[in-house]
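Here's the letter readout for the chains.
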Amino acid sequence: MDDERDIGNGIIVTLRPGHFFYDDCGVMGFDTPAEALDALLEVYRREQTAAVRT
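Thresholds, definitions, all that
- Residues numbered from 1 in each chain as written.
- Predicted model: local features only at pLDDT ≥ 70, side-chain atom pairs only at ≥ 80, totals over all residues.
- Heavy atoms only, no water.
- Helix = DSSP H or I, 4+ residues; strand = E, 2+ residues; numbered from the N terminus.
- Expected span 1.5 Å × (residues − 1).
- Buried < 20%, exposed > 50% of the residue type's maximum accessible area, 1.4 Å probe, protein only.
- Arc of directions from axis to C-beta.
- Contact = heavy atoms within 4.5 Å.
- Salt bridge = Lys/Arg side-chain N within 4 Å of Asp/Glu carboxyl O.
- Pairing = 2+ DSSP bridges.
- Phe/Tyr/Trp six-rings, centres within 6.5 Å; stacked < 30°, edge-to-face > 60°.

Observations regarding helix α1 (residues 33-53)
For α1, with 21 residues, the first-to-last C-alpha span of 31 Å sits near the 30 Å given by 1.5 Å per residue. Buried within α1 we find Ala 36, Ala 39 and Val 43. One face of α1 carries all of its buried residues, which in axial projection span an arc of 65°. Exposed side of α1, more than 90 degrees from the buried face: Asp 38 and Val 52 are the residues found there. In this structure, the buried residues of α1 make contact with β2 (11-14) and β3 (27-30).

Set out below in structure tokens:
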């Protein structure tokens, strides 16, 4: 996680290799910590659901 809001960007979140926000995107920017947390929780939920199915 890299908070670049002080230079006019967002909060940049980079996931570990093999984890994705969507498709093959492992890096995303967010405007607020709450948005970043929501996205991380969604990745976690999706991966937990996938693990149960296998």
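Quick word on the pattern of salt bridges
Scanning the entire structure with this criterion turns up 2 salt bridges. The residue Glu 42 makes a salt bridge to Arg 45 at a minimum N-O spacing of 3.5 Å. One end of the pair, Glu 42, and the other, Arg 45, are both in helix α1, 3 residues apart, so they sit about a helical turn from each other. Owing to a relative accessible area of 46%, Arg 45 belongs among the partly exposed residues under this scheme.

What about the sheet that holds strand β1 (residues 2-3)?
Reading across from one edge, β1-β2-β3 is the order of the 3 strands in this open sheet, with antiparallel pairing throughout. The open sheet is flanked by β1 and β3, the only strands paired with a single partner. By the bridge criterion, 2 bridges tie β1 to β2 in an arrangement that is antiparallel. Its bridge partner being in β2, Asp 2 is matched across the sheet by Ile 12.

Observations concerning the packing of aromatic side chains
Note on aromatic pairs: each is described by the distance of the centres and the angle between the planes. Within the structure shown, the criterion is met by 1 aromatic pair. Consider the rings of Phe 21 and Phe 30, whose centres lie 5.8 Å apart with planes at 65°: the pair is edge-to-face. Comparing Phe 21 with Phe 30, the two get one shared label, buried.

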